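Structural description and commentary
The primary structure of each chain is shown beneath.
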Amino acid sequence: MDGKAAPKAAGEGTTARARLDRGRGALGPALELVHTGRAPTRAVLTAELGVTRATAGAVAAELEALGLIRVDAHPGAAAGSQGRPSHRLEVAEEGPVALAAQVHSDGWRAALVGLGGRIVATTPACEIVDADPAKVLGSVVDAGAELLAETGRRCVGSGLAVPSAVAEPAGLALNPLHLAWPAGAPVREIFAERVRAAGIEGPAFAANDVNLAALAEHRHGAGRGSRDLLCVATGHRGVGGALVLDGRLHMGSSGLALEVGHLTVNPEGRPCHCGSRGCLDVEADPRAFLTAVGRDPGPEGSLLQQANELIRTQYGDPGVRTAAEAIIDRLGLGLAGLVNILNPDRIILGGMHRALLDADPDRLRAVVADRSLWGRQSGVAPILACTLDHNSLVGAAELAWQSVLDDPLGALA
């Protein structure tokens, strides 16, 4: 031997390049698997992608080089396990973030959200919402820009959650009824303009807050693993709904699907903002509950916070329980109608509805089973509480992360 390096075998370089090319096509699916927690190890990633171990390794290494995930360099075998230990995969703690913002009737908040739905930083909640959407969204974006400057994180894009149906493709807030904003406000355009003016990188999006809560819960929370997920939730005012089918939000022909707040559940009930009477929006939201209990909402917190606190701490009080049971019955009637139409495999509840489910789960499930055709015949789909804090914020970030999940190399080039 003369000490020179052995020449590469013919075709070895070509094979490596081919493996890398195949792996690049799997970068997006692989990142989504890690992002949603479905591939905690390289062995699981290999199986889920249906590729060779070498290709899965190349994919994981590429995502790590992009600063998106971390690969455990020294895997250890779990206690009692057999065979070769697998490298653990985690989202990179110091990786890029998305700017997320939420506006509701009692205020707004901005946050930075990383992969895995992790909230990295957040502003204090602001309790003032101006009647001019441009002023509000300007303040929201300025607050987000300050967070980005403080953390030094790269931003992949921005997402906004609003308490209104958002019409596509223009991104118009058609019915911000619990805000003083004009109907049809071009919230996506305003938000995008403010993002660009602040020098924040990446695309900007806007969507309905409950739609985004459902998306976040499907990927990271109580809806994970479901195929047809129905989400119903109270905001600070009103009731919203969303449907996730095969991992994608069902938006309808123009983004207006699942306006469940305007299902009639009490024909002789309260007048609704939509012109009808007895809609879920006014019969099963925090204001309806506080009114039924005879509580005058005070200044010590949002309507949602006050209602939830009352349910958690005073459910044994006869007046509170009677009011809560009436809300549960109306909610159950609305859910039964949705079950008949949609046949979901899981139902998740957020906001005040989550607190009601926690307080009296048997009553709600009984009402849905009794009033639903499919519930009587084959049992009610599991009804669970949402599990994520600030799920609308996390969902807003998911909008911004989607381009990276679709094409990591292209989005971060």
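Residues numbered from 1 in each chain as written. Predicted model: local features only at pLDDT ≥ 70, side-chain atom pairs only at ≥ 80, totals over all residues. Heavy atoms only, no water.

- As named in an unreviewed UniProt entry, the protein chain is ROK family protein, taken from Streptomyces akebiae.
- Of the comments in the UniProt record for the protein chain, the one headed Sequence similarities (unreviewed entry) reads "Belongs to the ROK (NagC/XylR) family." (UniProt positions renumbered as here; feature names shortened; annotations may be inferred.)

Things to note about the packing of helix α2 (residues 27–35) against helix α3 (residues 42–49)
- For the pair α2 and α3, interaxial distance at closest approach is 11 Å and the crossing angle is 130°. As far as their axial angle goes, α3 and α2 are oblique. α3 is crossed by α2, and the crossing has right-handed handedness. Residues Pro 29, Ala 30 and Leu 33 of α2 form the contact with α3, whose participating residues are Leu 45, Glu 48 and Leu 49.
- Looking at the contact of α2 with α3 residue by residue, the class counts come to 5 nonpolar, no polar and 1 charged. (Axes fitted to C-alpha atoms, helices over the stretch in contact; angles between N-to-C directions. Helix = DSSP H or I, 4+ residues; strand = E, 2+ residues; numbered from the N terminus. Parallel < 35°, antiparallel > 145°, perpendicular 65-115°, else oblique. Left-handed = near helix turned anticlockwise from the far one by under 90°. Contact = heavy atoms within 4.5 Å. Nonpolar A, V, L, I, M, F, W, Y, C, P; charged D, E, K, R; others polar.)

Thoughts on empty space enclosed by the protein
- Tallied over the full model, the rule gives 2 cavities of 30 Å³ or more.
- One number sums up the size of the largest cavity: a volume of about 40 Å³.
- Every residue lining the largest cavity is listed: Ala 165, Val 166, Asn 208, Asn 211, Gly 241, Gly 255, Ala 257, Leu 258 and Glu 259.
- Across the lining of the largest cavity, the residue classes tally to 4 nonpolar, 4 polar and 1 charged.
- Of the voids in this model, the second largest cavity is the one considered here, and its volume is about 30 Å³.
- Surrounding the second largest cavity, Gly 67, Leu 68, Val 91, Ala 92, Gly 95, Pro 96, Gly 114, Leu 115 and Arg 118 form its lining.
- Looking at the lining of the second largest cavity residue by residue, the class counts come to 5 nonpolar, 3 polar and 1 charged. (1 Å grid on protein atoms, 1.4 Å probe; cavity = no way out; pocket = protein on both sides within 12 Å on 5 of 7 lines; lining within 4 Å. Points joined across faces, edges and corners; volume = space filled by probe spheres on them.)

Brief notes about the state of the cysteines
- Applying the stated criterion across every chain, the model contains 0 disulfides.
- Cysteine Cys 272 shares no disulfide, and the gap to the nearest cysteine sulfur, in Cys 274, comes to 3.7 Å.
- A disulfide-free cysteine, Cys 279 has its sulfur positioned 3.8 Å from the sulfur of Cys 272, the nearest such atom.
- Assessed through its relative accessible area of 0%, Cys 279 is described here as buried. (Disulfide = S-S within 2.5 Å. Buried < 20%, exposed > 50% of the residue type's maximum accessible area, 1.4 Å probe, protein only.)

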